[in-house]
Structure formats: structure tokens, C-alpha cells
Amino acid sequence: MYPFTYHQPDSARKAASVAGKAEDAKFLAGGMTLLPTMKQRLASPANLIDLAKCDDMRGIEIKGRSVTIGAMTRHVDVANSKELQEAIPALADLAGMIGDPAVRNRGTIGGSLANNDPAADYPAAALALGATIVTNKRKIEAEDYFTGLFETALEEGEVITKITFPIPAKAGYEKFRNPASRYAIVGVFVAKKGSEVRVAVTGAGSGGVFRATKIEAALTAKFSSKSLEGVKMPAEGLNSDIHADAEYRAHLITVMAKRATDKAK
Amino acid sequence: MSETGIGASVRRKEDFRFITGNGHYTDDINRPGQAHAVFVRSPHAHATIKKIDVVAALKMPGVLAIYTGDDLAADKIGGLICGWMIHSKDGSPMKAGAHPALAQGKVRYVGDHVAVVIADTYAQAREAAEKVVVDYGVLPAVVDMEAAVKKGAPVVHDVASDNTVYNWHLGDKAATEAAFAKAKHVTKLDIVNNRLVPNAMEPRAAVGDYDFGSDCFTLYTTSQNPHVARLVLSAFIGIAPEHKLRVIAPDVGGGFGSKIFIYAEETICVWAAKKVGRPVKWTADRTEAFLSDAHGRDHITHAEMALDDKGKILGLRVNTKANLGAYLSTFSSSVPTYLYAPLLSGQYNIPAIYCEVDGIYTTTAPVDAYRGAGRPEATFVIERLMEVAARETGVDPAQFRRKNFVTSFPHQTPVIMCYDAGNYNAALEKALEMADYKNVGKRKRESAKKGLLRGVGISAYIEACGIAPSAAVGSLGAGVGLWESAEVRVNPIGTVEVLTGSHSHGQGHETTFAQLVSSRLGISIDNVSIVHGDTDKVQMGMGTYGSRSGAVGMSAIVKALDKIEAKAKKVAAYVLEASDKDIEFKDGKFSVKGTDKSIDFPSVALQAYIAHKFSGQELEPGLKESAFWDPTNFTFPAGVHICELEVDPQTGVTRIDRWTAVDDFGEVINPMIVEGQVHGGIAQGIGQAMHEGAIYNKDGQLLTASYMDYTMPRADDVPSYNVGMTQTRCPSNPLGIKGCGEAGAIAAPPAVINALTDAVGHENVAMPATPIAVWRAAQKAITRQAAE
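Residues numbered from 1 in each chain as written. Chains lettered and ligands numbered in written order. Predicted model: local features only at pLDDT ≥ 70, side-chain atom pairs only at ≥ 80, totals over all residues.

A.B. asks: Explain the overall build of chain A here, please?
C.D. replies: When helices and strands are counted, chain A shows 11 helices and 14 strands. Looking at chain A alone, contacts between residues at least 24 apart form 62% of all its contacts between residues at least 6 apart. (Helix = DSSP H or I, 4+ residues; strand = E, 2+ residues; numbered from the N terminus. Contact = placed C-beta atoms within 7 Å.)

A.B. asks: What is the right way to look at the domain arrangement of chain A in this model?
C.D. replies: All names here are of chain A. For chain A, the domain assignment lists domain 1 (5–44), domain 2 (58–166) and domain 3 (170–263). Computed from C-alpha atoms alone, the centre-to-centre distance between domain 1 and domain 2 is 19 Å. Tallied by class, the residues present in the side of domain 1 that touches domain 2 amount to seven nonpolar, four polar and no charged. (Domains from an automatic or database assignment. Nonpolar A, V, L, I, M, F, W, Y, C, P; charged D, E, K, R; others polar.)

A.B. asks: Is there a simple way to think about the nonpolar core in this case?
C.D. replies: Buried together is how nonpolar side chains tend to be arranged in soluble globular proteins. A:F189, A:V190 and B:V117 are the most contacted members of the largest nonpolar core, which has 338 residues in total. Among the elements that make up this core, the one with the highest residue count is helix α16 (residues 549–576) of chain B (14 residues). Discounting chain neighbours no more than four positions away, the residues touching A:V190 are A:A128, A:A171, A:G172, A:V197, A:V199, A:L219, A:A257, A:A260, A:T261 and A:A264. (Core = buried A, V, L, I, M, F, W, Y, C linked by C-beta atoms within 7 Å. Buried ≥ 20, exposed ≤ 12 C-beta atoms within 10 Å, placed from the backbone.)

A.B. asks: Honestly, the pairing of strand β9 (residues 205–211) of chain B in this entry has me stumped. Any pointers?
C.D. replies: Every regular strand shows the same layout, with side chains that alternate between the two sheet faces. All names here are of chain B. Counting buried positions along β9 gives six out of seven residues, so the element sits mostly inside the fold. Strand direction decides the pairing type here: β9 and strand β12 (residues 280–283), joined by four bridges, are antiparallel. For A206, the partnering residue across the bridge sits in β12 and is W282. With six bridges connecting them, β9 and strand β10 (residues 216–221) associate as antiparallel partners. Paired with A206 across the bridge in β10 is T221. (Pairing = 2+ DSSP bridges.)

A.B. asks: What exactly am I supposed to notice about the packing of helix α18 (residues 671–691) of chain B against helix α19 (residues 743–759) of chain B here?
C.D. replies: For any two helices packed against each other, one specifies the inter-axial angle together with the distance between the axes. All names here are of chain B. Here α18 crosses α19 at 40°, and the two axes come no closer than 7 Å. The orientation of α18 with respect to α19, classified from their angle, is oblique. In terms of crossing hand, the pair formed by α18 and α19 is right-handed. Touching V678, G680, G681, I682, Q684, G685, I686, Q688, A689 and M690 of α18 are A743, G744, A745, A747, A748, P749, V752 and I753, all from α19. Classifying every residue of the contact of α18 with α19 by side-chain character gives 12 nonpolar, six polar and no charged. (Axes fitted to C-alpha atoms, helices over the stretch in contact; angles between N-to-C directions. Parallel < 35°, antiparallel > 145°, perpendicular 65-115°, else oblique. Left-handed = near helix turned anticlockwise from the far one by under 90°.)

A.B. asks: It is not clear to me how helix α20 (residues 771–787) of chain B should be interpreted in this structure. Could you clarify?
C.D. replies: In an α-helix there are 3.6 residues to a turn, and that puts residues three or four apart on one side. Its 17 residues place the ends of α20(B) 24 Å apart at the C-alpha level, agreeing with the 24 Å of an ideal helix rising 1.5 Å per residue. Looking at the packing, one finds that the buried side of α20(B) touches α11 (246–263) of chain A together with β18 (453–462), β26 (638–648), β27 (653–664) and α19 of chain B. (Expected span 1.5 Å × (residues − 1).)

A.B. asks: Looking at this structure, how should I read unusual backbone geometry?
C.D. replies: Most peptide bonds take the trans form, and the phi angle of most residues other than glycine is negative. A cis geometry characterises the amide bond from B:I467 onward to B:A468, with omega recorded as -5°. Relative to the helices and strands, B:A468 resides in the loop between β18 and α14 (470–475). That bond from B:M767 to B:P768 is cis: its omega, -5°, falls within 30 degrees of zero. Within the fold, B:P768 resides in the loop between α19 and α20. A positive phi is found at A:R41, a non-glycine position, where the angle reads about 65°. Within the secondary structure, A:R41 is located in the loop between α2 (34–39) and β3 (47–50). Its identity is not glycine, yet B:E577 carries a phi of approximately 55°, on the positive side. What makes B:E577 exposed here is the crowd of 9 C-beta atoms within 10 Å.

A.B. asks: Teacher, can you tell me more about the sheet that holds strand β2 (residues 47–53) of chain B here?
C.D. replies: Adjacent strands of a sheet form backbone hydrogen bonds with each other and so pair up, either parallel or antiparallel. All names here are of chain B. One open sheet holds the three strands; their spatial order is β4-β2-β6, and the pairing between them is antiparallel. Looking at which strands have only one partner, the edges of the open sheet turn out to be β4 (106–107) and β6 (133–138). Note: β2 against β6, six bridges, orientation antiparallel. Across the sheet, residue K51 finds its bridge partner in β6, namely D135.

If you want it as C-alpha cells, here you go:
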């Protein structure tokens, strides 16, 4: 790890203000990606803005037909929230499937979305549920937020403060884990709201999270895993690596979509 | 059987300090004034070194020194050695390229040591190491063994222009060809035995220290055999003569073979300690461990088995290419030769065997012994052939094995080994019973109802352990003898210290060795200490590997205890005023035959030291004896493991449903510890079969250099094991021990793969059988079955 200047603001507003003044700054949420990257000397921000004391960025609130989760809310808190388990059980379920207990006790939803790791779980939920990413500056629809591998619509100094998820009629998430890292090789989030079905896939796409329109169409016709029998996803545009090639990933998308649909509630 | 004697499942004495964080590992050792070393490693698989510029790095804060290969050469520090000479078929000696501890002119794998930076702190050394500028002339890498031996391939070492270290063979070629000529059926198989990274929990580490007053070096290091390390560092590398070099291997957190070898890093730390006048410490980080620990396995094999019309094996021929990496590590040459081919007969009567092995240089990390070392590779060959041959000839795999088992002993195989004792049928029948083999069909149908494919696989393994008779290994090219030493020191109050040349790095010697003493002397194990891992305390020893500590290490203790008992009887005779021929020793008590006169062991110990009763007599005061034990044969642990698993054909995910292990380890000192060794071994074997695999890309970059990409078996990947035993005593050592440390890792891979192939319609599945590999095989089977 290279030396850096450490900041510890106690509110989202102050954090943004520090970021506005500091050169080459990075926000530190749970640190589950940033800290190992810094330790390996692959990242060397001059200023590190730790959001741990920003209590206004934490918590889960259910209002009307939507759920709002503070960006600094840890995976374990999302997974264990009784209210969320009622409102969007698939989202709580997803949070409980991230990493291992150590990661879930540190990692946060905002950190995950800001990092936009192509194998992370939350991007699938955000895209399938049609979430709104709220920052210190604006509101960004999930559709516009994910722009590529580790790339988002966030600008320099912009920090996610909370995320709002519309409550679906039914949703489910299933993932196929990388045998080594246990990140998603393929993660599929299916959500049904009214007559609309949205299906988002993480882990597989060479451009990051994407919507599987072929599967959406099949599930819109009838929201049942049987609708996906024989639905073959194209391998084009999917990742190939030492753990899974594009063809296998394409196959797994349909399998995971079926299982997510069966799980959906 | 006493509560702490032989055969009792005594809780491990050493665990208290380990689980309370009171262990003393090498990285826990900090010497006054200690400096830290960081190695500059090659980012290229193959390159010439044109220039090393250390000017900027030397100016960095805290830097004490930066050394390169030139500094080692100037000090006449020798290169790392390979201690086992292998001769090719044509009689020529193996082609061993020089292996300098810091590269001289050329690097040969990613992670190869180029320079060392020594600074006040680790952080400073690391900062400065980044400032060392090395001008490389990048050469093409050669990773693939087939490519390495092709004409025009990049040459790793000039001494081996075809990248071939040796073309070795074993067995009778003509007899084998004749056997195949009259075969009714020939089973052929192509096998890849995947490359593994050992991944001991504790990474390698070293602290070198030098005392100017006494001109003595001390090296603390993560070693399985500190005496061998001292011998090599002294006699070959030339750090210091043995009496001026102390090597201490304190608590060591797992080795699995990877800590047998003498590496560059500890060599540099101890040498540099004198150069900089400060103790020098180095601890590998995990990436360094992946890159620079000697890897294991990595064979490509074509094997054929000839059968007669009754399903009896007539012959076996095997052709193997073994990747030895970029340099010959300490014992690397022996692993794919004498630790491999002599085991190809398995548990079977095979009249003719011929095996050829080519050792190949590639621009990858050196490959050497890893748990099982050659024997897992051999077992995989023979047990995969047994499965495939049984399927091809329509015979139940269990029945096929029964038909070919060795049933009388001693049994001389055509490949060196003489099996001394065993009962292979007994282990098979017991395992089949425990595994409920007869109802597998029913369970397969139940799985099918759930859309899952169930398979069952048998592995009947044999290994040669208790390594090894010195004369035998000497005749095969070993540079050392493989005896073991022991010294038993009885203190005046009757407590005992046992000094052993064996080394415990997870095996539990502090408990099992104490159990032996407890049994023999009738004292509590709490009154016994086991001392190991320090060349200043233990005079000489050969260390721990090859499942040798029970069979060889404890045999040396038995011999020393025999001497203790003999002398103690003489002391007791003086005290009890009787002839020593009339003294009996039983349950910790010396008594005069036919009388009620007796004295207990601690009292005899005291009498031995006060010497009041025999002053001026021939008998010397004191009670301390030492012994060396050189075994007369290898030992032959054997057993049967049965794996039963379910495959999800939709994803290729495999779940091991049940595991039955029946092992014959001969006499067992501590069944709990033995069972633990079996568990750990199977987990590593499952790791090889289903999860682990070191992958280099074509440029020689290790793609699996962290746990993000290298899959270790985890608790939820392994089943609850059903472990049983059969027992035939080993006739070649006094305790009847065969050894147990490697059995699981040897037995498990073919059991898994045989089960997997059974699940997927006998499609071949290569290791590691990751979900994608299993899915592809399952798809193939489904397509084929649909077509049939």
C-alpha cells in the first residue's frame, strides 16, 4: 500500500465537500474491493475519504411502493432486514448470497454499485428492479447508470447516498458461483411488476450487467420457468475465461433464469 | 492399552499452543536489529538480463543493501542443487541446468529471483524493490511440454538443447511387448495429471542471523527437514561449515512437500545476514507462494493395459512426460521416476510393465514433491485404467479388481517393489459393505428421478512409504541415506526428552511419539517432551516426508528405548541387588523375577544419575541413549476408497454424497490423528480431482496466482468421511507401522474421476473436473445416448 491522506467526514454532504477539494480522491465504503486493490499496489489514491461515520447514509426505509436503502448499508443488514424480507425478499436473498460472512459484514450496497464489478450481484437487482441511484448531485435511473466494466455514470467527486427500489409483484435471484472466487459467473435477477418482466444478468456480459430481452419476452408471455424451456441465449458478447467460456455462460443464463423464476416470490 | 499409550486416541498435546495463538512460527521470530528482505522477481517467463540498475533503489530510505547474482558469484556461493541423479535410458546423466539463488544473466519463469533488497523495514524494502530497474531481453516462453520438445523450441537451459532433462525408463520392454502381442483386449487411456500449487497455510519464511563473536550463522526457516537444509547450505551452497551453521525449523504450518526443498530465499537471508551485519527476515506473501513454491504433479501420460480372454492383466505400458519446470528443485528428478513408476503395479498381479518417462524443462515454476509425490500420479494411471478396462470388458469394477489382486506375500512386482504384507480383498470387501455398494443401482434411480446423475467410483491404491532403505535409494541415484535418528534423554526425576530427526508440521508427533514412550516406559505422556527441528539440539536427521516419521522416525526411537531399557535394567539390578538377567520390566516397574522386590522407572532414573549403587563399576552413570534406524524395505500402505456423487447435468455441479475409506496402515499409534491425516489427504485429493489447477498462459504468466482464480477445496466441497481400517502388520519395522500421511491424497483423485465418469455415461472427464468440464461431459453423454 502506498501512503495516502485519510479523511473521515460524518455526513454525505461533508464527504462530498471533502471530495470537491481533495486531489485524486477515492471514497471508501466497506473497502472490500478498494482496500485489497490498494494493498496490491494496483490503486494508489492520494486521498481516501472514509464514509464509515456518515450515519445519514445508512438504513432501510419502506415507503409506499418503494424501498430506499442507504448507500452505506451493509450486505448483512440488507439480508437480515425483516421489512425487506417482506417487501422484496429477492433483494434480501441476494444480499445474503454475496461473498462470505466477513464480506457481508463490511461490504455495502453503495460500494458495490459504485464499483460496478462485472461479477457483482447488486447491479443485477438494480437493473431488473428498475432502481434509482441517488447521489449528492442527482438521481440516476439504473438503465442509465451502468455504463461498462467497472464504469458507471458517476462523475468525479459524486457519491451515491441511497438507492430506491420499486417493490415488484414477484422477484427472484439465482447465481452460479465462480468455483474459486465465488463471484457470479452468471447471476440472473428476474422481476415481475404488473405486466412487465425485467431480467438482468450479471457476471456473464463482456460489457457488465445487461438485460436478457429474449428471456424477458418468454417470461412476459407466461411467468413460469416452463416458458424458458428451449430458450437459448446467444454466446456473443459473453465473457470467456479459465473458469467458464461464453457458450457455458450462455447456457447457464437460461438455467439460472429458470431457477430464479421458480424461486420468485 | 493405557490411556496415553499406543492405540489410544489421545488429544494432540501441541494443539493447545496452536489454537491459543501461542505457536512459534518463523514469522513470529524477530531478532534484535532485524532487517527485511524483499525479492525483485522476474515479470517475464523467459528473458536475458541485460542490466540491473540499482542506483535509484539504493538511495531509497532505509535501504541497507541490494544484491544480485554477481554478488553471490563473487562470494562463491553455489547454486541450488538437485539431490537425486537420474540416468537416461542410454546411461547418460540427467541434464541439470545451473540454478543460482539469484539469476545470472537469464530468468526462466515468472517469479524467478533477480535481486534482493534489504532495508530497515519491510515497507522500505518493498518501496525500494520497485525502483530496481532491470533491463530484460524478452525471449519466447515455453509452457507446454509437447511444444518444449519440438525442434526449434526456445531452449530453457543450454545443457539441455531439447529441453529434456532425461529419457528414463523402468521395466522389461520386450516382456511387455510380448504380453501386448498376445492380448485379447487392450485398454488405452490419455491422462493429464494437473499441476497443483501446494498452498500450505503458513507461507514460506526465513530469518538469517550471524554472530560475529562466534562466527556462527543461524537460520530460522519453514522446513520439513532442517538437517538436510543445513547439509545442502553447508556442503553444496557453501554458506558455512556445518558446525558453524545452525538451522531451526520451529513450528511449521503445513508443508505437503513444498517445504522439503532448499530454496533461494532462505539461502539469501542467511548469507546476507553476515553481509549486512544484521539479521535478515523474509516472509512470502501469498502471491509469492503461488509463483515460487515448488509446484506438484503436472504429467501427460499415455497408458495401455493388456488383458487376456479371462480378464486377467497381462501387461502395462506407460509413457509419461513430466514437467519439471524451469530448474531442477531439490528432489524433483526422483518424483516422476523412482517415486512414480515403481507404483504402477498397483495392488495387482501384472506380469510385465514398461514405463518411459521424459523429464521436461519449461519456463514455469519448478515442480517437485507434493503430498504423495509420484504415487498419486501412478495410482491415477492404474486406477483409471482399471475402471475403463472393467467397463470396456463389461465386468463390475470391484470384480475386475478382485480377479487381479495380489493375494500372496511377499510379492515381487516387475518394477522394483517387493510388497511385504497386505490383504487387498479384505479392504475391498469392507469398503463395499460400508459404502452399501450393492444398493448403488437403487440410489442411481432415485437420483435420476430428481434429474441428477449418480456415479460411484472405486480406487484401490498402494503406496511405497517409510522412505527409505539407504542402500536401495542410493543405488537408484539418491544423494543421501534415508534413515532416521533418535536420542532418548531420561532426566533424574524420570521425565523424558526425545530428540528426533523427524519434523512435525501438522502431523502431531509431539503426541504420537510421546505415546510410544508412554507405552514403553509406563510414564504419562505429560512427562515426555519431543524435541525436533533444531540442528543444535538434534545432531542429525532426515526430516518428514513420504509418510516416513512413524515407520522410520519412531523405529529409531524404539531402538533408543531398547537401549534405555537395557541400561535401566542394569541400574535396577544394582539397586535391587540382583542379576540384570533376572530383572523384568513391565508397566513402568522393574522387578526381580519370582520376588516381590521392585522399583519404579523414575526411581531407577534417579539411581542412574546419583550412581551411588554402582560407583566404580563397569556401568556408566546417566540414562541417555541414541540410535539410528535404517529401514530394510519400503512400507506398503494400501486401501480402498469409494466415492459416490451426484451431478447436476444442467450446470455440471458435482456433489460428493458419500465417501468410504478403508485403509491398511499396519499398526496405528493414535487412531484419531490417523483419521485426521486421512481426512486431510482426501480433501487434498478431492481438491486435485475437482478444483485445483495451476494454469500458465502461453506467455508463461501464472493465471491462477491467487485464491480469486485458484480453487482450493472448502469445507462445503467435501463430504463427511466414513473411515474404516483393516490391518496387516508391516514386517520391516519394530512397530509394524506402514504410514498414513499421504494415503488420502493418493487414493482420492481416481475415486472421484471414476465416480464422475460412471455418472456421465463413461465419458472421460479430465482433472480438475470443474463444473464446466463435467457439464461438457454430461452433454456429450446425453447427446450420445439420445443418438443410440
